[in-house]
Amino acid sequence: MLAKTRAAEIDAQNVGKDFGSFTALDDISLTVGCGEFLTLLGPSGSGKTTFLMVLAGFEAATRGRMTLDGRDVTHVPPEDRGFGMVFQGYALFPHMSVAQNIAFPLKVQRRSASDTKRRVAEMIEMVGLGGHGQKRPSALSGGQQQRVALARALACEPSVLLLDEPFSALDKNLRNQMQDEVRRLHQETGTTFIFVTHDQSEALALSNKVAIFEQGKLQQIGTPRDVYEQPQNRFVAEFLGDINILPMSDVKSHGRFTEGLFEDQALRIVRPAQSSGQTLAVRPEYMHLTNKQQSNGNSIAATITGLTYLGAETRLDLTTRGGTHLILSQVTADLPQGFGPGSEVWAGWPEDKGILL
Ligand code: ATP
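Residue numbers run consecutively from 1 along every chain, following the written order of its sequence. Where local features are concerned, this predicted model is filtered to residues with pLDDT of at least 70; where side-chain atom pairs are given and counted, the filter is 80 or more; whole-chain, interface and lining totals use all residues. Side-chain measures were taken over the full set of non-hydrogen atoms in the model, leaving aside hydrogen atoms and water.

## Details of the site of the ligand
Residue proximity to a molecule or strand is established when one non-hydrogen atom of the residue lies within 4 Å of it. What surrounds the ligand is the set Phe 19, Phe 22, Ala 24, Pro 43, Ser 44, Gly 45, Ser 46, Gly 47, Lys 48, Thr 49, Thr 50 and Glu 165. Taking Gly 47, its main chain carries an N or O atom lying 3.0 Å from an oxygen atom of the ligand. Contacts described as polar in this section are N or O atom pairs within 3.5 Å, which, within protein, must combine one atom able to donate a hydrogen with one able to accept it, while residues neighboring in sequence count only if both atoms come from side chains. With respect to the ligand, the side chain of Thr 50 contributes an N or O atom lying 2.5 Å from an oxygen atom. About the coverage of the ligand: the protein hides 58% of its 640 Å² of free accessible area. Numbering of helices and strands runs from the N terminus; a helix is a DSSP stretch of H or I covering at least four residues, while a strand is a stretch of E covering at least two. Going through the elements one at a time, strand S2 (22-32) and helix H1 (48-56) are the ones with two or more residues in the shell around the ligand. Among the elements that take part in the shell around the ligand, H1 stands out by supplying 3 residues, more than any other. The Shrake-Rupley method, run with a 1.4 Å probe sphere, supplies the accessible areas, and residue values consider only the shown protein chains as cover.

Put into structure tokens, the structure is as follows:
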């Protein structure tokens, strides 16, 4: 196991970036703590890469300020920030061996020959490429090439590692393996990682913190559980996965609860800390199927319109009496028998599993 490297804290304050009259980043403020793993998540064109490039110093911010461990680095060139970078397209030197690729940044730093040799050997072991040091990148698989890119970026013990969609060219199995690898490298090095992806499950699986971007704005930042279970707005709720949206009327708060009417049925949720929304949202996995109205929690009458077997889970499509489409995700092993398309059922969920948007 390697000694932990120094990790840095990054603070972005009111960062904005314009390309001509187009605003690609609008007033972004966030802090990435020492050794944290932050993922920037959002749809294509939401500004993730632009923000990463501003953090790296390859793009100058039009507005705002950035500090590294409290030191203002807003105008510091990329090579003086001490960050490592891994891109989607590996960017390995094709005419150099694996070992020479990893040694390259150490040579730029004028490390001694013995130090470079030791560090290269350590990095090759760390990314599981023992025995491949003398090969050219063209003789390696996509996953192995990405491992070399990770080793090269970590060789100089950067205080921050920036990763821009590094696995988007890999197939699903390899991608899962590389996610495990990155998580392990993060734990072993203790470095601050900032990772860009548009894949929700990748973001939730990898990070301590997720920052969700849309149209150049930061919509929410929080732990994976926070952003998934307590989204602050409909965009975040829908971007992170399927969610049932139930517009309510007559919304009122009584003690611990907020109550309202959905298609003339009374629904109740445990009162959220600070929300004045009128729409109730419930994740499909928190809704369950019953054949009669429940006395506890919420339930609404509906008809099953579709049933899709997905192995461990089964997805059910339902339509309420008022015509609202619902999705339920049930553990197949727990699915009650005797239901199918056309069945009249109830969809129920606990009062603490609704989100008010
Ligand atoms: P993707 O997932 O597709 O890479 P992204 O969220 O990383 O998307 P960015 O690449 O940051 O998005 O782009 C954000 C917006 O800024 C886009 O509308 C893009 O066209 C625009 N943009 C980015 N770079 C430039 C540039 N150099 N000149 C003009 N517009 C740019």
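## Regarding the packing of aromatic side chains
Aromatic pairs are defined between Phe, Tyr and Trp rings, using the six-membered ring for Trp, whenever the two ring centres lie within 6.5 Å; interplanar angles under 30 degrees are classed as stacked, those over 60 as edge-to-face, and all others as tilted. Applying the stated criterion to the full structure yields 6 aromatic pairs. Considering the side-chain rings of Phe 37 and Phe 193, the 5.4 Å spacing of their centres and the 45° angle between planes classify their relative orientation as tilted. Taken together, the positions of Phe 37 in strand S3 (residues 37-41) and Phe 193 in strand S8 (residues 192-197) put the pair 156 residues apart, joining distant regions of the chain. Residue Phe 193 is classed as buried on the basis of its relative accessible area of 1%. Whether a residue is buried, partly exposed or exposed follows from its accessible area with a 1.4 Å probe, protein chains only, as a fraction of its type maximum: under 20%, in between, or over 50%, in that order.

## Quick look at helix H2 (residues 98-108)
Among the residues making up H2, those that are buried are Val 98, Ala 99, Asn 101, Ile 102, Ala 103, Pro 105 and Leu 106. On its buried face, H2 is in contact with helix H3 (113-126) and helix H4 (142-155). Just downstream of H2 lies Arg 110, where phi reads positive at about 55°. Any pair of residues with heavy atoms lying within 4.5 Å of one another is described as a contacting pair.

## Re the pairing of strand S13 (residues 257-262)
With 4 bridges joining them, strand S12 (residues 249-254) and S13 adopt antiparallel strand pairing. Paired with His 254 across the two strands is Phe 257, which belongs to S13. Two strands are counted as paired when DSSP detects at least two bridges linking them. The antiparallel hairpin formed by S12 and S13 contains 2 residues in its connecting segment, where Gly 255 sits at a positive phi of about 55°. Sheet topology note: the S13/strand S14 (residues 265-270) ladder contains 6 bridges and is antiparallel. Bridged to Leu 261 within S14 is Ala 266.

## As for the nonpolar core
Note on terminology: a nonpolar core comprises buried Ala, Val, Leu, Ile, Met, Phe, Trp, Tyr and Cys residues joined through side-chain atoms within 4.5 Å. Core analysis: the largest hydrophobic core is formed by 33 residues, its most contacted members being Ile 102, Leu 150, Leu 161 and Phe 193. Every element with two or more residues in this core is listed here: H2, H3, H4, strand S7 (160-164), helix H5 (172-189) and S8. By residue number, the principal contributor to this core is H4, which donates 7 residues. Sequence-distant contacts of Leu 161, that is, excluding residues within four places in its chain, are made with Gly 84, Met 85, Val 86, Leu 150, Ala 153, Leu 154, Thr 191, Thr 192, Phe 193 and Ile 194. Listed in part, the 28 residues of the second largest apolar core include Ile 10, Leu 55, Val 160 and Val 196.

## Topic: the side chain of Thr 314
Tracing the sequence through the fold places Thr 314 in strand S18 (residues 313-320). With a relative accessible area of 2%, Thr 314 lands in the buried category. Within polar-contact distance, the side chain of Thr 314 engages the side chain of Thr 332 at 2.9 Å. Dropping the residues within four chain positions of it, Thr 314 is found in contact with Leu 307, Thr 308, Tyr 309, Leu 328, Ser 329, Gln 330, Thr 332 and Leu 335.

## Observations regarding the pattern of salt bridges
Should a side-chain nitrogen of Lys or Arg be within 4 Å of a carboxyl oxygen of Asp or Glu, the pair is scored as a salt bridge. Enumeration over the complete set of coordinates arrives at 22 salt bridges. The partner of Glu 157 in a salt bridge is Arg 111, and the shortest N-O contact between them spans 3.5 Å. Of this pair, Glu 157 sits in the loop between H4 and S7 while Arg 111 is found in the loop between H2 and H3, placing the two residues 46 residues apart along the sequence. You can call Glu 157 partly exposed: its relative accessible area is 28%. Residue Arg 175 is joined to Glu 202 by a salt bridge in which the shortest nitrogen-to-oxygen separation is 3.2 Å. Of this pair, Arg 175 sits in helix H5 while Glu 202 sits in helix H6 (residues 200-206), placing them 27 residues apart in sequence.

## Things to note about the sheet that holds S12
Reading across the sheet, the 3 strands line up as S12-S13-S14 and stay open at both edges, with antiparallel pairing between neighbours. The open sheet has two edge strands, S12 and S14, and neither has a second partner. The average angle at which neighbouring strand axes cross in this sheet is 20°, direction not considered. Throughout, an axis means a line fitted to C-alpha atoms (over the contacting stretch in the case of helices), and angles, computed between N-to-C directions, take values from 0 to 180 degrees.

## Details of the environment of Arg 63
If you trace the backbone, Arg 63 turns up in strand S4 (residues 63-68). Of the residues examined, Arg 63 reaches a relative accessible area of 35% and is grouped as partly exposed. Spatially, the C-alpha atom of Arg 63 lies 22 Å from that of Leu 41, the residues being 22 residues apart in sequence. When sequence neighbours within four positions are dropped, the list of residues in contact with Arg 63 reads Asn 14, Val 15, Gly 16, Lys 17, Asp 18, Thr 23 and Leu 25. Of note is the side chain of Arg 63, whose polar atom sits 2.9 Å from the side chain of Asp 18.

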